[in-house]
Amino acid sequence: MTDITELLALIPVDDIAGKLGVDKQTAQHGIQAALPTLIGGLQANAADPAGAASLEHALAKKDTTLVDGRVSLADIDTNDGQKIVDNVFGSNTDQVAAALGSAPGGQTSGLVQKLLPILAPIVLAWLAKKFLGGQQGASITAGASSGGGLEDLLGGILGGGSASGSKAGGATGGGGLGDILGGMLGGSGSTTGGGGLGDILGGLLGGGKR
């Protein structure tokens with residue numbers, strides 16, 4: 001099964017830390033917070049037919065060579081990354097960054113704001129490779145046109161399955177975004193007791209093309 005740890009292994013943590021002027025551990029904390037949130041935001045958008053169609057179109061055009069090996073910062077277009085972030089979170093971007101910045105770990109909301117445009121192109125290229133088999137211009141599979149195939153892929157990465165069982169943005173079910181964030185951020189993401197980071201983000205994810 002596709003796992004987010006596979007994506008994490010592609011991230012040039014040392015290079016990102018140097019670029020942003022922070023130590024490796026702080027950069028790692030920020031990356032571990034931002035990656036599942038980006039994927040959760042994409043899944044929340046994919047739960048809507050228009051959002052799924054928009055994401056599928058973007059994936060079909062995405063150059064996957066960025067993730068053929070360990071990612072080079074020189075190959076990342078952060079302007080494109082910011083557009084992706086704006087499409088995923090919309091006007092909620094600042095609130096998402098603030099929520100992640102307040103979670104346990106060395107990351108701050110300011111660091112998360114800088115990380116998101118760096119990580120977003122990596123996430124989309126990686127998803128395109130998974131969803132389309134790395135074939136540029138490949139046609140979307142028939143089952144994916146409704147968003148089901150894409151939702152299943154995104155849900156599987158987060159460990160929550162498809163959104164038909166539990167909406168990623170809500171993070172109310174076991175094994176969803178709340179749990180993955182909880183594991184990465186010292187338990188703050190767990191929503192079992194209510195009021196956790198997953199609950200806060202649940203209302204913010206998918207604020208883009210919904």
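The rules we used
- Residues numbered from 1 in each chain as written.
- Predicted model: local features only at pLDDT ≥ 70, side-chain atom pairs only at ≥ 80, totals over all residues.
- Heavy atoms only, no water.
- Buried < 20%, exposed > 50% of the residue type's maximum accessible area, 1.4 Å probe, protein only.
- Helix = DSSP H or I, 4+ residues; strand = E, 2+ residues; numbered from the N terminus.
- Arc of directions from axis to C-beta.
- Contact = heavy atoms within 4.5 Å.
- Axes fitted to C-alpha atoms, helices over the stretch in contact; angles between N-to-C directions.
- Parallel < 35°, antiparallel > 145°, perpendicular 65-115°, else oblique.
- Left-handed = near helix turned anticlockwise from the far one by under 90°.
- Nonpolar A, V, L, I, M, F, W, Y, C, P; charged D, E, K, R; others polar.
- Core = buried A, V, L, I, M, F, W, Y, C linked by side-chain atoms within 4.5 Å.

### Things to note about helix α2 (residues 13-20)
Part 1 of the reasoning: Listed as buried for α2 are Val13, Ile16, Ala17 and Leu20. One side of α2 carries all its buried residues, which in axial view fall inside an arc of 100°. In this structure, α2 carries Gly18 and Lys19 as exposed residues pointing more than 90 degrees from its buried face.
Part 2 of the reasoning: Taken together, the buried residues of α2 touch α3 (24-46) and α7 (109-132).
Part 3 of the reasoning: Once α2 finishes, Gly21 follows within two positions and takes phi at roughly 70°, a positive value.

### What to know about the packing of α3 against helix α5 (residues 78-89)
Part 1 of the reasoning: At a minimum axis separation of 9 Å, α3 and α5 run at an interaxial angle of 55°. In terms of axis orientation, α3 runs oblique to α5. Crossing geometry of α3 relative to α5 is assigned as left-handed. Of the residues in α5, those touching α3 at Thr37, Leu38, Gly41, Leu42 and Asn45 are Asn87, Val88 and Phe89.
Part 2 of the reasoning: Counted by class, the contact of α3 with α5 contains 4 nonpolar, 4 polar and no charged residues.

### Concerning the environment of Gly51
Part 1 of the reasoning: Secondary-structure assignment places Gly51 in helix α4 (residues 49-61).
Part 2 of the reasoning: Taking relative accessible area as the criterion, Gly51 reaches 4% and is therefore assigned buried.
Part 3 of the reasoning: Distance from Gly51 to Val88, taken between C-alpha atoms, is 9.2 Å for residues 37 residues apart in sequence.

### Some words on the nonpolar core
Part 1 of the reasoning: If you look at the biggest cluster of nonpolar residues, it comprises 51 residues, and the most contacted ones within it are Ile31, Leu35, Leu119 and Ile122.
Part 2 of the reasoning: Among the secondary structure elements, those contributing two or more residues to this core are α1 (4-8), α2, α3, α4, α5, α6 (93-101), α7 and α8 (148-158).
Part 3 of the reasoning: Ranked by residue count, the leading element in this core is α7, at 16 residues.
Part 4 of the reasoning: If we skip the residues at most four places from it in the chain, Ile31 touches Leu8, Ile11, Val13, Ile16, Pro36, Leu115 and Leu119.

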